[in-house]
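Reading the structure
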Amino acid sequence: MNTENFYVTTPIYYVNDKPHIGHAYTTVLADVLARYHRSLGDETFFLTGTDEHGQKVEKAAAARHLDPKAHCDEMVLRFQSLWERLGITNDRYIRTTEEFHKRVVRQILQELFDRGEIYKAEYTGWYCVGCERFFTEKDLVDGKCPDCGREVSAIVESNYFFRMSSYREWLIEYIETHPDFIQPSFRANETLGFLRKGLGDLCISRPKSRLSWGIELPFDPDYVCYVWFDALINYISGVGYLQDDAMFEKWWPASYHLIGKDILTTHSVYWPTMLKAIGLPMPKTIFAHGWWLTGSTKMSKSLGNVINPMDMVDRCGVDAFRYFLMAEMSPGNDANFTEESFVARYNSDLANDLGNLLSRVLKMTLRSTDGVIPPPGAPTADEEELNSEVSAAIDAMETSLAALKFDQGIAAAMNAVRAGNRYMEKTAPWTLAKKGETERLNTVLYTAANALRQISVLLYPVMPEKMAELRRALGYVGGELNDAKISDLRTRKSDLAGRKVVDTAGLFPRIDEKEKEKA
Ligand code: ME8
């Protein structure tokens, strides 16, 4: 089997407010991807963290009458405890206020300055505080920020600039010749469109008179570093750049930078040109997913329509929440999060289809074979049909993994679950038991249980706790509960026959609409 070193990142989130569902989505997506890669035997590194400098954070701290660092220390705990609650298996949590990161940023700045990649000039432009970005006159839409539509302020000052414009031709060619570099492909086209309009140099400093909460420039103590220039460097400082060569060699270039479409330009234009200037290889894929919307508007702090992930998790459990995020959004496109769609999907996929198949298998096995999963007899066309649905689900999950379309892999796994329920109805083990057709009954019980076993492996990265419980119900114990490797589905023989099932009352209890209203 070919294994690889797999390195996945999320954006590092601003600590100006508490985490919301958008943050939870990118982080769960990265976690599911990391878990799948581990289950394929790949050595995996998963980095997430927080972006703690800049005006946004400084303002948020001031509003709470706190020193920025004290504010960050407090906010970080909220992110970290949410990730723990959501079962996130990141290998490292990076904070841009950590000394090692600041050292790496300063070293890079100094080197680029020494090489003439960074120069000083007077700058006239427009600044959007909300987005922490500068714009030129032609970037503005109706005189407002082209990204968020808010008012911008005019600014004239001396600043330091990175010669980003000199990499424009190179970047256009790189994107054109590396179709996997920016995904989905329409986002690559968007970036090309942006580049073809022309590319200026990037202002990478802020005078301390205007902003003090940042990394001081090593060559001019009157300035701090622009927050995006500092933040993007986390992807290399977090894996040992300029600190641990062996570690850095092992993980860079990243396999995936997962981001939301709101930060495409910073990742697909600023970051590649910075890496090129530093002299490092490009990440393999920058993948921009869509937005979670409520109704047809983006969920956002300023619009006050944010769903709090903690509330959903308290009500429905971690795994149901993870499942919904992965099943409902086709990465790349936008998706809608409403309580109604959440409850409907939970009840139909998990409580009805999967829960039902498990409870049928458990009941029949407890009733007719004293709870022991029997060895199967010769398969008929019915068994072959179910097995081929499961096999199709394994194929689909592998394909969806490569294209980052977990919704499709999950849909195929759910098709296999539904095929399992049809199989139970068609073969009617309850009638076989009554008629004393033991061999046939054994085949049916085994085949249905074996389908569940394989489905538990396929869905394990999405719902690790519930799938471990499902495995416990099928008679797995101890370390076997979490030993759910997709690669084993092809290579290891089923070890199911002879195991004793355990009755698991309601793996996914139905969410009752009335209960919900009471809550
Ligand atoms: O941009 N739907 O941090 P941020 C889906 N610090 N995803 C969403 C979302 C929504 N409605 N809202 C936010 C920053 N996200 C910078 C990043 S990286 C070097 C620096 C997710 O706290 C999505 O991943 O504003 C988006 O890219 C990220 O949160 C922005 O988080």
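In what follows, the accompanying structure is described. (Residues numbered from 1 in each chain as written. Predicted model: local features only at pLDDT ≥ 70, side-chain atom pairs only at ≥ 80, totals over all residues. Heavy atoms only, no water.)

1. Re the site of the ligand
As a matter of local geometry, the ligand sits amid 24 residues, with Ile-12, Thr-26, Asp-51, Gly-260 and Trp-292 nearest to it. In the model, an oxygen atom of the ligand is placed 2.9 Å from a nitrogen or oxygen of the His-23 side chain. In isolation the ligand exposes 670 Å². Once the protein is present, 96% of that is buried. Elements with a minimum of two residues in the shell around the ligand: strand S1 (5-14), helix H1 (21-39), helix H7 (227-232) and helix H8 (234-237). Looking at which element gives the most residues to the shell around the ligand, the answer is S1, with four residues. Broken down by class, the residue content of the shell around the ligand amounts to twelve nonpolar, nine polar and three charged. (Near = heavy atom within 4 Å. Polar contact = N/O pair within 3.5 Å; in protein donor to acceptor, adjacent residues only side chain to side chain. Areas by Shrake-Rupley, 256 points an atom, 1.4 Å probe, with all protein chains shown as cover. Helix = DSSP H or I, 4+ residues; strand = E, 2+ residues; numbered from the N terminus. Nonpolar A, V, L, I, M, F, W, Y, C, P; charged D, E, K, R; others polar.)

2. Structural notes on the pattern of salt bridges
All told, the structure shown has 36 salt bridges when counted by the stated rule. Notably, a salt bridge pairs Glu-111 with Arg-115, separated by 2.6 Å at the nearest N-O pair. When the shortest N-O distance is used, the salt bridge between Arg-345 and Asp-349 registers 3.0 Å. Taken together, the residues Arg-345 and Asp-349, both in helix H13 (residues 339-368) and four residues apart, mark about one turn of the helix. Given a relative accessible area of 24%, Arg-345 falls into the partly exposed group. We classify Asp-349 as buried; its relative accessible area is 8%. A network of salt bridges, in which partner residues are shared, links Glu-52, Lys-69, Asp-73 and Arg-95. (Salt bridge = Lys/Arg side-chain N within 4 Å of Asp/Glu carboxyl O. Buried < 20%, exposed > 50% of the residue type's maximum accessible area, 1.4 Å probe, protein only.)

3. Concerning the packing of helix H3 (residues 68-85) against helix H11 (residues 309-316)
Running from N to C, H3 and H11 cross one another at 30°; their axes reach a closest spacing of 11 Å. In this view, H3 runs roughly parallel relative to H11, as classed from their interaxial angle. Considering how the two elements wind past one another, H3 and H11 form a crossing that is left-handed. Of the residues in H11, those in contact with Ser-81, Leu-82 and Arg-85 of H3 are Pro-309, Met-310, Val-313 and Asp-314. (Axes fitted to C-alpha atoms, helices over the stretch in contact; angles between N-to-C directions. Parallel < 35°, antiparallel > 145°, perpendicular 65-115°, else oblique. Left-handed = near helix turned anticlockwise from the far one by under 90°. Contact = heavy atoms within 4.5 Å.)

Structural measurements only, silent on function.
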